Amino acid sequence: YLDLDRFKNVNDALGQRWGDRFLVAVVERLRGVLPAPAVLGRLESDEFLVLLPGLASPADAVALADLLLGALDRPLQVEDYDFVIGASIGIALHPEHAASLEDLVRNAGIAMNAAKAGGRHRYEVFSGRMADEVTERVSMESRIRAGLSRGEFRVHYQPKIDLGTGELIGAEALVRWEHPEDGWISPGRFIPVAESAGLIAELGAWVIEQVATQIARWDAMGVVVPHVAVNVAGAQVWRGDFLEPIQDTLRRHGVAPARIEVEITETVIMRESGRDETVRRLIALRDHGLTLAIDDFGTGYSSLSRLKQLPVGVLKIDQSFVRDIVIDANDAAIARAIIAMARTLGLATVAEGVETREQLAWLRNEGCD
C-alpha cells in the first residue's frame, strides 16, 4: 500500500490538470522498478496498491519497498517543473497477516499509516500490535463521544503563583476523564484520539464553557482568580469560527476576555505560523483581549524571527525541564536560556509542574515569573 507524501502540495499549487500529469509521471517511475509479475493499481487520489505474487520470502517485499522509495527520491519532471516527492509504504503478507484480499489491503493500509506516523518516506510491515492500536483508537473514539454526552469529563485547576510576591495570579484548566468503568483516563490517551477523530473542537468548547462558568462562580464567592489558562488544540484555532464561540461563551457568563489565556503548543504554533491566515487569527485573539501563551516551550523547534512576529505574551517552560532542573545541568541551562530570551523579548515565563522547594528556589533566583 503506497501513499504519496506531498501530492496535495502539487495539486494545491498547480491545479488538478498538473496533478494528473504528475500522477502519470509517478506511475511511469514506479513501473520502471517493478518486477514482471507485480501488478500496480491506483486506489484513489494519490494512493496505490502493488500486488506481488509468488514471493520467495518477506525480505523480497521489503526489498521492493526500498526500490519504490528510491525511485521516488529522484526529481520527477513534468513539462518544465521538477518535483521531489516521497511516499509512505505499508506491507502485508498472505497468509501470515490476512486470509482474504479485503483484510490484506486493510492491514497494508494500517501499516502505511504507521509509516506516515513514524516520519514518512519509509515503510512498515504490518503487525498484530498495529491492529490492536487501531481497534483501541476506534473504541476510544466511541467512548469519548459517549463520555461527552454523559458528562464524564472534568476540569481540574492548577494554581499559578507569582514567584515575586507568592500570590495566586491565576490557574490552568486541565481536562480529565473519569470513566465509570476504567476510572481516570490520561489526557495522553484521549486527546490525540479526539484530535484525529475531529472531536477536539467539541471537547475544547466544553472546556471553555466550564472555565467561564467556574470564573463566574469564583467571582460570586469573592474568590479572586485573575485569569485561567486553557490549552487549545491547533485544529481548534485553524477553524474559521474559533474566536466567535469563545466570545459568545464569555459574554453569556459576564467574563472579560482578559481573564482567559489561550495556550497552544510550540510544535503546533511553529508548524502553522508561516501561514498569513494563522498569524491573522492569533492577532485577532490578542485584539479581542485574550492572552496567548506558547505551551511546552523548548520541546519543539522555534524560529526566533517568527516568534517575535507572533502576538505571544507568555512562554511556558516544559515540565520535562523543570523536573530535574536542580540536578541536571542541561535542563538548568535550557530553562535559564528560555527565561533570559523571554525577558529580552518582553514576555512572561511560567514554569510547569513545580513540586519541590528546591525547584521553586532555583526558578525564583533565575527570575522566572
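About the cut-offs
- Residues numbered from 1 in each chain as written.
- Predicted model: local features only at pLDDT ≥ 70, side-chain atom pairs only at ≥ 80, totals over all residues.
- Heavy atoms only, no water.
- Helix = DSSP H or I, 4+ residues; strand = E, 2+ residues; numbered from the N terminus.
- Buried < 20%, exposed > 50% of the residue type's maximum accessible area, 1.4 Å probe, protein only.
- Contact = heavy atoms within 4.5 Å.
- Areas by Shrake-Rupley, 256 points an atom, 1.4 Å probe, with all protein chains shown as cover.
- Lys, Arg positive; Asp, Glu negative; His and termini not counted.
- Charge placed at Lys NZ, Arg CZ, Asp CG, Glu CD.
- Arc of directions from axis to C-beta.
- Salt bridge = Lys/Arg side-chain N within 4 Å of Asp/Glu carboxyl O.
- Pairing = 2+ DSSP bridges.
- Axes fitted to C-alpha atoms, helices over the stretch in contact; angles between N-to-C directions.
- Core = buried A, V, L, I, M, F, W, Y, C linked by side-chain atoms within 4.5 Å.

### A short note on the overall build of the protein
Secondary structure summary: the protein contains 15 helices and 15 strands in total. Over its C-alpha atoms, taken along the principal directions, the protein stretches across nearly 80 × 50 × 45 Å. Counting over 369 residues, the protein shows a buried share of 42%. Intrachain contacts of the protein at a sequence separation of at least 6 include 64% that bridge at least 24 residues. Carbon and sulfur atoms make up 51% of the accessible area of the protein, which amounts to about 19,100 Å² in all. Taken as two groups, the 39 positive and 54 negative side-chain charges of the protein have centres that lie 3 Å from each other.

### What about helix α9 (residues 243-253)?
Those residues of α9 that sit buried are Leu243, Ile246, Thr249 and Leu250. Projection of α9 onto a plane perpendicular to its axis shows the buried side chains occupying an angular sector of 135°, all on one side. Taken from the residues just after α9, Gly254 is the one with a positive phi, measuring 70°.

### Describing the pattern of salt bridges
Side chains that carry opposite charge are capable of pairing whenever their charged atoms lie near each other. Applying the stated rule across the entire model yields 21 salt bridges. The network of salt bridges with common partners includes Glu172, Glu263, Asp295, Lys316 and Glu352.

### Overview of the sheet that holds strand β1 (residues 2-4)
Whether parallel or antiparallel, the strands of a sheet pair through hydrogen bonds between backbone atoms. Across the sheet, 5 strands lie side by side as β2-β3-β1-β6-β7; this open sheet has mixed pairing. Here the strands that pair on one side only, and so sit at the sheet edges, are β2 (39-44) and β7 (123-125). In this sheet, neighbouring strand axes are inclined to one another by 20° on average, regardless of whether the strands run parallel or antiparallel. Pairing of strand β6 (residues 87-91) with β7 involves 3 bridges; the strand directions are parallel. When the sheet's bridge partners are listed, Ile91 is paired in β7 with Val125. Those strands touched by helix α4 (residues 101-117) are β1, β3 (47-51), β6 and β7, and its axis lies near 140° from that of β6.

### A few points about the nonpolar core
Within the largest apolar cluster, 65 residues are counted, with the highest numbers of intra-cluster contacts made by Ile144, Phe190 and Leu315. Ranked by residue count, the leading element in this core is helix α7 (residues 200-221), at 8 residues. Ignoring anything within four residues of it in the chain, the contact list for Leu315 reads Ile294, Phe297, Leu307, Ile338, Met341, Ala342, Leu347, Ala348, Thr349 and Val350. The next biggest cluster of nonpolar side chains, apart from the first, holds 27 residues, and it includes Leu4, Ala38, Ala87 and Ile91.

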